[in-house]
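If you want the building blocks of each chain, they are given just below.
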Amino acid sequence: MNRFIGFIKKEFYHIFRDKRSLFILFGMPIAQIMLFGFAITNEINNVDIAILDHSKDATTKEIINKIAASKYFSIHQFIEKEADIEAVFKKGKVKAVLNFEKNFSKNLIKENNSKIQVISDATDPNTANTISNYVNAILQNYLKEQNSGVVQAYQIIPQTHMVYNPELKSVYMFVPGVMTIILMLVSAMMTSISITKEKELGTMEILLVSPLKPFQVIVGKVFPYIFLSIINAIIIIVLSIFIFKMPVQGSLFLLGLESVLFIITALALGILISTVSATQQTAMMISLMGLMLPVILLSGFIFPISSMPLPLQIISNIIPAKWFIIIIKGIMLKGVGLQYVWKETLILLGMTVFFIGLSVKKYKIRLE
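This write-up is about the structure you can find in this document. The structure displayed is predicted, hence computed values, not measured ones. (Residues numbered from 1 in each chain as written. Predicted model: local features only at pLDDT ≥ 70, side-chain atom pairs only at ≥ 80, totals over all residues. Heavy atoms only, no water.)

Tallying secondary structure elements over the chain gives 14 helices and four strands in all. Considering the chain as a whole, with its 368 residues, one finds that 43% of them fall into the buried category. Here the analysis covers contacts within the chain between residues at least 6 apart in sequence; of these, 78% occur between residues at least 24 apart. Carbon together with sulfur atoms contributes 62% to the accessible area of the chain, which is approximately 20700 Å² in total. (Helix = DSSP H or I, 4+ residues; strand = E, 2+ residues; numbered from the N terminus. Buried < 20%, exposed > 50% of the residue type's maximum accessible area, 1.4 Å probe, protein only. Contact = heavy atoms within 4.5 Å. Areas by Shrake-Rupley, 256 points an atom, 1.4 Å probe, with all protein chains shown as cover.)

Structure representation (structure tokens):
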């Protein structure tokens with residue numbers, strides 16, 4: 001046991017002595033959580049738009065002022081004719097043009113019907129769709145204010161209530177996904193590189209014939225990364241709560257246990273990667289390219305799995321990140337307990353056993 005503890009201490013010394021490893025372990029997670037939290041968002045703010053007002057009456061001015069007063073839009077310029085619209089879009093600054101028809105106020109009073117054309121730059125379809133929805137919401141709010149005293153014979157008024165994320169903050173979606181990506185990449189990549197380094201230098205065989213048992217050698221190589229990954233998880237959760245105001249509706253203890261389980265799953269996957277990698281570069285490429293793209297694309301982090309073709313939905317089931325995102329969103333946003341996420345927990349546990357089993361077979365480790 002003393003030899004085993006000494007071996008673990010030696011691994012800690014190696015990690016803390018390597019500044020590049022420390023940067024990957026702690027610098028990259030903090031940078032990623034900040035970037036995803038602040039820079040990557042589905043919301044729009046201060047989007048530049050242009051106005052083409054053929055009517056220029058009191059009603060159009062009132063609507064324009066209401067749009068300008070919102071935090072979502074900033075009026076970049078007023079244009080005089082429709083021929084200028086394409087030139088405005090080509091400059092790349094303006095993302096939408098609001099085109100008010102002639103006699104807007106007169107048509108609204110006499111015919112109870114006026115038209116505003118919303119022309120959006122659809123090179124970014126999501127932003128274009130969001131701009132259109134925001135403009136429609138502002139116009140509906142304006143009509144509601146103008147018709148506050150009018151009672152119609154029949155009215156169907158939908159009342160929308162967003163559960164778990166009433167303000168529709170995109171950070172609530174990105175933080176769990178980023179936490180999953182960081183823990184998966186850091187844990188799997190660092191573990192695979194660490195073990196592959198011993199193989200590349202030719203010292204793995206020496207370690208395996210040392211007084212330490214082969215299983216103790218692998219556990220000793222992995223244990224420091226379990227400890228450091230847990231610190232990473234704590235840092236991410238603290239940043240999420242205090243900087244991005246991410247709620248934790250469920251049990252912090254359960255969240256911690258599930259995070260540790262996922263970290264062990266990622267470490268087991270890292271050990272498996274090391275069995276098929278002869279060099280550190282190979283291990284890094286497999287960890288980055290073989291894990292990052294599936295985690296981002298097939299875990300439900302950004303794109304809903306239900307919208308994918310059936311073959312991809314089936315493949316997504318073997319991605320550990322998919323199940324951890326379900327767990328972490330359930331605990332943090334919905335406040336669920338183990339009785340609601342036990343299936344996902346068992347799947348992660350089964351994947352961990354499977355990865356370790358393959359690695360043990362490859363390294364011919366005999367558990368005693």
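With the rule as written, the count across this model stands at four aromatic pairs. The interplanar angle of 55° and the centroid separation of 6.1 Å between the aromatic rings of F354 and F355 together place this pair among those described as tilted. Judged by relative accessible area, which is 9%, F355 ranks as buried. (Phe/Tyr/Trp six-rings, centres within 6.5 Å; stacked < 30°, edge-to-face > 60°.)

The strand order across the open sheet built from four strands is 2-1-3-4, with neighbouring strands paired in mixed fashion. Where the open sheet ends on each side, the last strands, each with one partner, are strand 2 (73-79) and strand 4 (116-120). Here the strands of the sheet are splayed against their neighbours by 25° on average, with no regard to which way each runs. Pairing between strand 1 (residues 47-53) and strand 2: six bridges, direction parallel. Residue pairing in the sheet places I49 in a bridge with I75 of strand 2. (Pairing = 2+ DSSP bridges. Axes fitted to C-alpha atoms, helices over the stretch in contact; angles between N-to-C directions.)

Right, let's talk about the pattern of salt bridges for a bit. Under the criterion given, the structure shown has five salt bridges. Close ionic contact of K56 with E80 constitutes a salt bridge, the shortest N to O distance being 3.2 Å. Taken together, the residues span a long stretch of sequence, with K56 in the loop between strand 1 and helix 3 (58-69) and E80 in the loop between strand 2 and helix 4 (85-90) at a distance of 24 residues. Among the residues examined, E80 registers a relative accessible area of 54% and is labelled exposed. One salt bridge connects D84 with K81, and the closest N-O pair in it is separated by 3.3 Å. (Salt bridge = Lys/Arg side-chain N within 4 Å of Asp/Glu carboxyl O.)

Here we take up the packing of helix 7 (residues 171-201) against helix 13 (residues 320-334). Where helix 7 contacts helix 13, the axes come no closer than 10 Å and their chain directions differ by 135°. Accordingly, the angle class assigned to the pair helix 7 and helix 13 is oblique. Two packed elements cross with a definite hand, and for helix 7 against helix 13 that hand is right-handed. Contacts between helix 7 and helix 13 pair Y172, M173, P176, G177, M179, T180, L183 and M184 from the former with P320, A321, F324, I325, I328, K329 and L333 from the latter. A breakdown of the residues in the contact of helix 7 with helix 13 according to their chemical character gives 12 nonpolar, two polar and one charged. (Parallel < 35°, antiparallel > 145°, perpendicular 65-115°, else oblique. Left-handed = near helix turned anticlockwise from the far one by under 90°. Nonpolar A, V, L, I, M, F, W, Y, C, P; charged D, E, K, R; others polar.)

Moving on: unusual backbone geometry. For N46, which is not glycine, the phi torsion reads 55° and is therefore positive. With a phi angle near 55°, N103 is a residue other than glycine that sits in the positive phi range. The exposure class of N103 is partly exposed, given its relative accessible area of 43%.

Function-wise, these values are silent; they only describe arrangement.
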